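# Breakdown of the fold
What follows is the residue order along each chain.
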Amino acid sequence: MELRLLVAASVQLQCQIKAADFKQAFCQSYLPKGENYVLHPPKNYPHTLLNTYLKLIQTLYGLECSPRHWYEKTKATFLAMGLKQCANAPCVFTDKILPNQPPIYIGLYVDDFIYFSQSDEVDTVFEHHLKHDMQMLVEFK
C-alpha cells in the first residue's frame, strides 16, 4: 500500500522515482547489550580449536532478530537526518533536509528503498549523507 502511495505522489508531483539497495543489510546492525548469540564455527574450519564457540557482535542473516535490528538502525539513520516517519505507514519517511528546498519522500522495503524529490539537489544531498556521513553500504541504481 505504501509503495502505491509513493508512486501516486511522485506522479502528482511529476518526479522521477529512484531506487537503491542496502548491501549486506542485516550485517550492518549491532546486537544491543544484553542480547547474546553464540554460534559454533563450521566443521573443519582451520582457524578454531575444537569445542570453540563464537559470540556475535553484529547481526547475521538467519537470526530471528536481524530484520528488527536492521529496521531500527535504518529508522534511526533517517530520523538523524531530520526526516519524519509517517504515523500510519512506518516504512515511509519524509521531510525537508535542506532549507528552502522541497521535501524528500522515502519508502523502505526490507533492504531496498525508493525515494524522490522535486529537487535534484535534495536527492544528491540525501545520497551523499547516506553513503558518506552515515557510512552505510548503499548501491544507488
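So, here's what we can say about the structure. Worth saying up front: this structure is predicted, and the values here are computed from it rather than measured.

Another aspect to go through is the nonpolar core. Core analysis: the largest hydrophobic core is formed by 22 residues, its most contacted members being F22, F78, I106, F113, F126 and L130. Mapped onto this core, the elements with two or more residues apiece are β1 (18-22), α2 (66-80), β6 (104-109), β7 (112-117) and α3 (120-133). Here F126 is in contact with F78, M81, I97, I104, I106, F113 and Y115, once residues within four sequence places are set aside.

Once that is clear, we can look at α2. Since there are 3.6 residues in each turn of an α-helix, residues three or four apart along the chain are aligned in direction. Given a rise of 1.5 Å per residue, 15 residues ought to cover 21 Å, and the 21 Å separating the end C-alpha atoms of α2 matches this to within 8%. For α2, every residue scored as buried is listed here: S66, H69, W70, Y71, T74, T77 and F78. G82 lies just past α2 and shows a positive phi near 95°.

A separate point is unusual backbone geometry. Outside of glycine, negative phi angles account for most residues, and trans bonds account for most peptide bonds. Non-glycine residue Q14 carries a positive phi angle of around 60°. Phi is positive for Q24, which is not a glycine, with a value near 45°. One can find Q24 in the loop between β1 and β2 (38-39).

Next up on the list: the packing of aromatic side chains. Tallied over the entire structure, the rule returns 10 aromatic pairs. Centre to centre, the rings of F78 and F126 are 6.2 Å apart; their planes meet at 40°, and the pair counts as tilted. Taken together, the positions of F78 in helix α2 and F126 in helix α3 put the pair 48 residues apart, joining distant regions of the chain. Judged by its relative accessible area of 0%, F78 falls in the buried class. According to the relative accessible area criterion, F126 is buried, its value standing at 0%. Taken together, a centroid distance of 5.7 Å and an interplanar angle of 35° make the contact between F113 and Y115 tilted. Accessibility classification places F113 together with Y115 in one group, the buried group. An aromatic cluster of three or more residues is present, and its members are F22, W70, F78, F93, F113, Y115 and F126.

Cut-offs applied
Residues numbered from 1 in each chain as written. Predicted model: local features only at pLDDT ≥ 70, side-chain atom pairs only at ≥ 80, totals over all residues. Heavy atoms only, no water. Core = buried A, V, L, I, M, F, W, Y, C linked by side-chain atoms within 4.5 Å. Buried < 20%, exposed > 50% of the residue type's maximum accessible area, 1.4 Å probe, protein only. Helix = DSSP H or I, 4+ residues; strand = E, 2+ residues; numbered from the N terminus. Contact = heavy atoms within 4.5 Å. Expected span 1.5 Å × (residues − 1). Phe/Tyr/Trp six-rings, centres within 6.5 Å; stacked < 30°, edge-to-face > 60°.

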